[in-house]
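# Secondary and tertiary structure notes
So the chains spell out like this:
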There are 2 protein chains.
Amino acid sequence: MTEYILPLQKLIEEFSRLPGVGQKTAARYAFAVLDMSEEEAENFACAIVNAKKNVKECEICGNLTDQARCVICSDEKRNPEVVCVVEDAKTLMAMEKVKEYNGTYHVLGGAISPMNGITPADLRIKELITRIGTQDIKEIIIATNPNIDGETTAMYLSRLIAPLGVRVTRLAYGVPVGADLEYADEVTLLRALDGRRDIH
Amino acid sequence: MTEYILPLQKLIEEFSRLPGVGQKTAARYAFAVLDMSEEEAENFACAIVNAKKNVKECEICGNLTDQARCVICSDEKRNPEVVCVVEDAKTLMAMEKVKEYNGTYHVLGGAISPMNGITPADLRIKELITRIGTQDIKEIIIATNPNIDGETTAMYLSRLIAPLGVRVTRLAYGVPVGADLEYADEVTLLRALDGRRDIH
């Protein structure tokens, strides 16, 4: 490994904390910072501190926001009777790209994972139950990830919520649009087969 | 494009200034910052500002340093009679990995490039001539990049320096033509060093 002078070495270490960034890429980023003007570097540093300081969780749904309530919870055109439960804000943003969904969200902050020691108490499940108890919610759409932890969380939530008289649904499983069936895994194909629909 | 809240959007913009980072990767990095503790985010920001503030050019050779003189120029075991001229500090570090070279360096800060409007006056060439005039230098090894701008710079320097009675050599074409010295492997650099030739 190359030896860099200390301030540069430290910056490279910081960059290499980012996901998917190794030593070489981190060094490339660090040199890019050295090529910036002092003002640009300060803006960069400020953006990091500001994002960390000003981005909070929406007091209602847990979505990222710089206000008390997120843009979706503050939007009166959104239907508060339908709540889509997602693991994190990134999934919420992916759902928003669809532009078809007009309900609101609830961000859990993860999924139940016995392997990683994440229990229901670590997630925003209590907040969800409170919302169901205080707001007029008709349907909970569970959009946790289609993996073991996501499935566990979906099962847990449905058992918890169904007795409260709220309709609980789950995103459909199937083959992704635009994918090649040849490379789809067996479980996905089985689910797609189970969930087949009539063509009208 | 997804719409993010302002502090997040700003951070994503900052990350996307880094080389080879697009919107998606920048968003991934920004979310990683949100996942950091406040202290970690502040350390990251500090590392950027500190690197920019404390990394300077060595007063002798132009290499990166946080002192007045770089580690190589301060090292009495290095031979000051041989000076390897490189375009930038990244190339210098690549040369150092060879561990065979015991001379000193001179960092030009780029290469002559009529296309990009970079003239000899924009580079640390005057400083090199001053070094030749004041220090006892026996050989100048030109290690500019093996591309058009690097070749132009090498030719310019050899014509400038040869009349001063100093031996001027150029790295052998062991390095692949058109490549960037920064990414050359150690063995290739070593061969290139061994096969260096006089410029006539």
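Thresholds, definitions, all that
Residues numbered from 1 in each chain as written. Chains lettered and ligands numbered in written order. Predicted model: local features only at pLDDT ≥ 70, side-chain atom pairs only at ≥ 80, totals over all residues. Heavy atoms only, no water. Axes fitted to C-alpha atoms, helices over the stretch in contact; angles between N-to-C directions. Helix = DSSP H or I, 4+ residues; strand = E, 2+ residues; numbered from the N terminus. Parallel < 35°, antiparallel > 145°, perpendicular 65-115°, else oblique. Left-handed = near helix turned anticlockwise from the far one by under 90°. Contact = heavy atoms within 4.5 Å. Buried < 20%, exposed > 50% of the residue type's maximum accessible area, 1.4 Å probe, protein only. Phe/Tyr/Trp six-rings, centres within 6.5 Å; stacked < 30°, edge-to-face > 60°.

### Observations concerning the packing of helix α1 (residues 6-15) of chain A against helix α2 (residues 23-35) of chain A
Residue and element names in this part refer to chain A. At their nearest, the axes of α1 and α2 sit 8 Å apart, and the two run at 125° to each other. Taken together, the axis directions place α1 and α2 in an arrangement best described as oblique. You can see that α1 and α2 cross each other, and the crossing is right-handed. Judged by residue contacts, Leu 8, Leu 11, Ile 12 and Phe 15 of α1 engage Gln 23, Ala 26, Ala 27, Tyr 29, Ala 30, Phe 31, Val 33 and Leu 34 from α2.

### Structural notes on the environment of Leu 108 of chain A
Residues and elements named next belong to chain A. Position of Leu 108 among the secondary structure elements: in the loop between β4 (103-107) and α5 (125-134). Look at Leu 108 and you get buried, because its relative accessible area is 1%. For the pair Leu 108 and Leu 189, spaced 81 residues apart in sequence, the C-alpha separation works out to 28 Å.

### What about the packing of aromatic side chains?
Counted under the stated rule, the structure contains 11 aromatic pairs over all chains. Summarising the aromatic geometry, the rings of Tyr 4 of chain A and Phe 31 of chain A are spaced 6.1 Å apart at their centres and angled 70° between planes, so their arrangement reads as edge-to-face. Taken together, the residues Tyr 4 of chain A in the segment before α1 and Phe 31 of chain A in helix α2 connect sequence positions 27 residues apart. Like Tyr 4 of chain A, the residue Phe 31 of chain A is buried in the burial classification. An angle of 70° between the planes, with centres 5.5 Å apart, marks the rings of Phe 15 of chain B and Tyr 29 of chain B as edge-to-face. Linking Phe 15 of chain B in helix α1 (residues 6-15) with Tyr 29 of chain B in helix α2 (residues 23-35), this pair joins segments that are 14 residues apart in sequence. The structure contains a cluster of three or more aromatic residues connected by ring pairs, namely Phe 15, Tyr 29 and Phe 44 of chain A together with Phe 15, Tyr 29 and Phe 44 of chain B.

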